[in-house]
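Descriptive analysis of the structure
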Amino acid sequence: MCTTLFKNARLILPTGIFLGELLVRDDKIEAVSINHALPHFEAQHTVDVNGKYLSPGFIETHTHGAGGFDFMDGDLDSIYGACRSHLWDPLTK
């Protein structure tokens, strides 16, 4: 079981941006502490984010294509090819 604590982060949450900590256990968010509202977390690894932004749970889906196809080509074959490739990507399943 691996735990990582991200401390001194500006957490981007649905209700605003807050200074806090984020605890991840086995690649899943386990807890969020805003303004030290929760007890100090113990973790195997600690990352001091030094006030940088952290957006827990956010998945970046921006893309210019996939599978050798590029949306910027502007033709339907490229668009359909990229979309078909994304259907098989583990991120979208």
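Okay, so let's go over this structure. What you are looking at is a predicted structure, and each value in this text was computed from that prediction instead of being measured. (Residues numbered from 1 in each chain as written. Predicted model: local features only at pLDDT ≥ 70, side-chain atom pairs only at ≥ 80, totals over all residues. Heavy atoms only, no water.)

A short note on helix H1 (residues 76-87)
Taking 1.5 Å per residue as the helical rise, H1 with its 12 residues ought to reach 16 Å, and the 17 Å between its terminal C-alpha atoms agrees with that figure. Within the sequence span of H1, burial applies to Ser78, Gly81 and Ala82. Projected down its long axis, H1 shows its buried positions confined to an angular sector of 95°, all on one face. Of the residues in H1, the exposed ones pointing more than 90 degrees away from the buried face are Leu76 and Leu87. Against strand S6 (65-66) and strand S7 (69-70) lie the buried residues of H1. (Helix = DSSP H or I, 4+ residues; strand = E, 2+ residues; numbered from the N terminus. Expected span 1.5 Å × (residues − 1). Buried < 20%, exposed > 50% of the residue type's maximum accessible area, 1.4 Å probe, protein only. Arc of directions from axis to C-beta. Contact = heavy atoms within 4.5 Å.)

Quick word on the packing of aromatic side chains
One pass over the full model with this rule turns up zero aromatic pairs. Sitting over the ring of tyrosine 53, arginine 10 keeps its end group 5.7 Å from the ring centre. (Phe/Tyr/Trp six-rings, centres within 6.5 Å; stacked < 30°, edge-to-face > 60°. Lys NZ or Arg CZ within 6 Å of the ring centre and 35° of its normal.)

Observations regarding the nonpolar core
Counting residues in hydrophobic clusters, the biggest one holds seven residues: Ala9, Leu11, Leu13, Leu22, Val24, Val49 and Leu54. Residue assignment for this core shows that the elements contributing at least two residues are strand S1 (3-13) and strand S2 (16-25). A per-element tally of this core places S1 first, with three residues. If sequence neighbours within four positions are ignored, leucine 11 has contacts with Gly16, Ile17, Phe18, Gly20, Glu21, Leu22, Val32, Ser33, Leu54 and Pro56. (Core = buried A, V, L, I, M, F, W, Y, C linked by side-chain atoms within 4.5 Å.)

Comments concerning the side chain of glutamate 21
Mapped onto the fold, glutamate 21 is located in strand S2. For the buried residue glutamate 21, which engages in no salt bridge, the nearest side chain bearing the opposite charge is lysine 7, 6.5 Å off. Contacts of glutamate 21, omitting those with residues within four sequence positions, involve Leu5, Phe6, Lys7, Asn8, Leu11, Ala31, Val32, Ser33, His36, His40 and Phe41. (Lys, Arg positive; Asp, Glu negative; His and termini not counted. Salt bridge = Lys/Arg side-chain N within 4 Å of Asp/Glu carboxyl O.)

Concerning the environment of lysine 52
By secondary structure assignment, the location of lysine 52 is in the loop between strand S4 (45-48) and strand S5 (53-54). For the pair lysine 52 and arginine 10, spaced 42 residues apart in sequence, the C-alpha to C-alpha distance is 5.8 Å. For lysine 52, the residues in contact, after removing those within four places along its chain, are Asn8, Ala9 and Arg10.

Section: the pattern of salt bridges
In total, this model carries one salt bridge according to the counting rule given. With a closest N to O distance of 2.4 Å, glutamate 30 and arginine 25 form a salt bridge. Residue glutamate 30 is classed as partly exposed on the basis of its relative accessible area of 44%.

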